[in-house]
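Breakdown of the fold
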Amino acid sequence: MSKAEAKRCPWPGSDTLYIAYHDEEWGVPKSDARALFEKLVLEGFQAGLSWITILRKREAFRAAFDNFDAEKMARYGPRKVASLLVDEGIVRHRGKIEAAISNAKSFLELEAGPGFSQFLWSFVDGTPKQNAYTRMADLPAETPESKALAKALKSRGFRFTGPTTLHAFMQGVGMVNDHLTGCFRHTECAKLGARFSL
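In this report, the structure presented in the accompanying data block is examined. Predicted, not measured: the structure shown is a model, and the values here were computed from it. (Residues numbered from 1 in each chain as written. Predicted model: local features only at pLDDT ≥ 70, side-chain atom pairs only at ≥ 80, totals over all residues. Heavy atoms only, no water.)

The next subject is helix 10 (residues 184-195). Restricting attention to buried positions, one finds in helix 10 the residues Phe184, Arg185, His186, Cys189 and Gly193. Those residues of helix 10 that are buried are in contact with helix 1 (16-24), strand 1 (129-130) and strand 2 (176-177). (Buried < 20%, exposed > 50% of the residue type's maximum accessible area, 1.4 Å probe, protein only. Helix = DSSP H or I, 4+ residues; strand = E, 2+ residues; numbered from the N terminus. Contact = heavy atoms within 4.5 Å.)

Moving on to the pattern of salt bridges. Note that side chains of opposite charge can pair when their charged atoms are close. Scanning the entire structure with this criterion turns up 12 salt bridges. Between Arg62 and Glu38 there is a salt bridge, with the nearest N and O atoms lying 2.9 Å from each other. Here Arg62, found in helix 3 (residues 51-64), pairs with Glu38, found in helix 2 (residues 33-46); they are 24 residues apart in sequence, far enough to count as distant. On the accessibility criterion, Arg62 (21% relative accessible area) is partly exposed. Here Arg185 and Glu188 are joined by a salt bridge, their closest N and O atoms 2.4 Å apart. Separated by 3 residues within a single helix, Arg185 and Glu188 lie in helix 10, roughly one turn from each other. Residue Arg185 is classed as buried on the basis of its relative accessible area, which comes to 8%. Owing to a relative accessible area of 34%, Glu188 belongs among the partly exposed residues under this scheme. Salt bridges here are not isolated pairs; linked through shared partners, they connect Arg34, Glu38, Glu59 and Arg62. (Salt bridge = Lys/Arg side-chain N within 4 Å of Asp/Glu carboxyl O.)

Where helix 2 meets helix 3, the closest approach of the two axes is 10 Å, and the angle between their N-to-C directions is 130 degrees. With respect to helix 3, the axis of helix 2 lies oblique. Of the two possible hands of crossing, helix 2 and helix 3 adopt the one that is right-handed. Contacts between helix 2 and helix 3 involve Glu38, Lys39, Leu42, Glu43, Phe45 and Gln46 from the former and Trp51, Ile54, Arg58, Phe61 and Arg62 from the latter. When grouped by side-chain class, the residues that make up the contact of helix 2 with helix 3 number 5 nonpolar, 1 polar and 5 charged. (Axes fitted to C-alpha atoms, helices over the stretch in contact; angles between N-to-C directions. Parallel < 35°, antiparallel > 145°, perpendicular 65-115°, else oblique. Left-handed = near helix turned anticlockwise from the far one by under 90°. Nonpolar A, V, L, I, M, F, W, Y, C, P; charged D, E, K, R; others polar.)

Turning next to the state of the cysteines. All told, the structure shown has 0 disulfides when counted by the stated rule. A disulfide-free cysteine, Cys183 has its sulfur positioned 3.8 Å from the sulfur of Cys9, the nearest such atom. Cys189 carries a free sulfur, and the closest cysteine sulfur to it, the one in Cys183, is 7.8 Å from it. A relative accessible area of 1% means that Cys189 is categorised as buried. (Disulfide = S-S within 2.5 Å.)

Ranked by internal contacts, the top residues of the largest apolar core, which has 49 residues, are Phe65 and Phe116. Within the second largest apolar cluster, 6 residues are counted, among which are Ala6, Cys9, Leu180 and Phe184. (Core = buried A, V, L, I, M, F, W, Y, C linked by side-chain atoms within 4.5 Å.)

This is the structure in structure tokens:
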């Protein structure tokens, strides 16, 4: 069966960029700290918007934020913030931009301690959680794990990382497999999860 014929989760619709994201990225377990940090920042920018909006701007975000190099971002000052606020390629929201910069500092503190990836994955005991939802209506907006992670990140200074944002993050980076059981990626991501190790 070709990908064009494959049954998938309904949320990407017919958008080719969204379909590629669903088929290749969403639900794939990630352990790389920089990639996880990028996803966390982008999920923060997504708050109140649709993910496809952020996805279409992702390359512009990468260019604007030095490929999400946290050490560079942590040093951003007022001049950089001002330039980001006039960058039409990204979401120009002062609160979210300032949160991304402060989150970079919090990220570096975690990296210097337990490690950002290890810290995040500890909330699912280091193993992707395999769910078995059959309908989109069954997917929760937040979970006990996303609430616990949101609380822990907030205590470490992270912003724009509420339980709903964190649940979307956990789905995206494969901490939970929320592909519907009828989707061809559910089994594929489950196999990736079984082989995953930090």
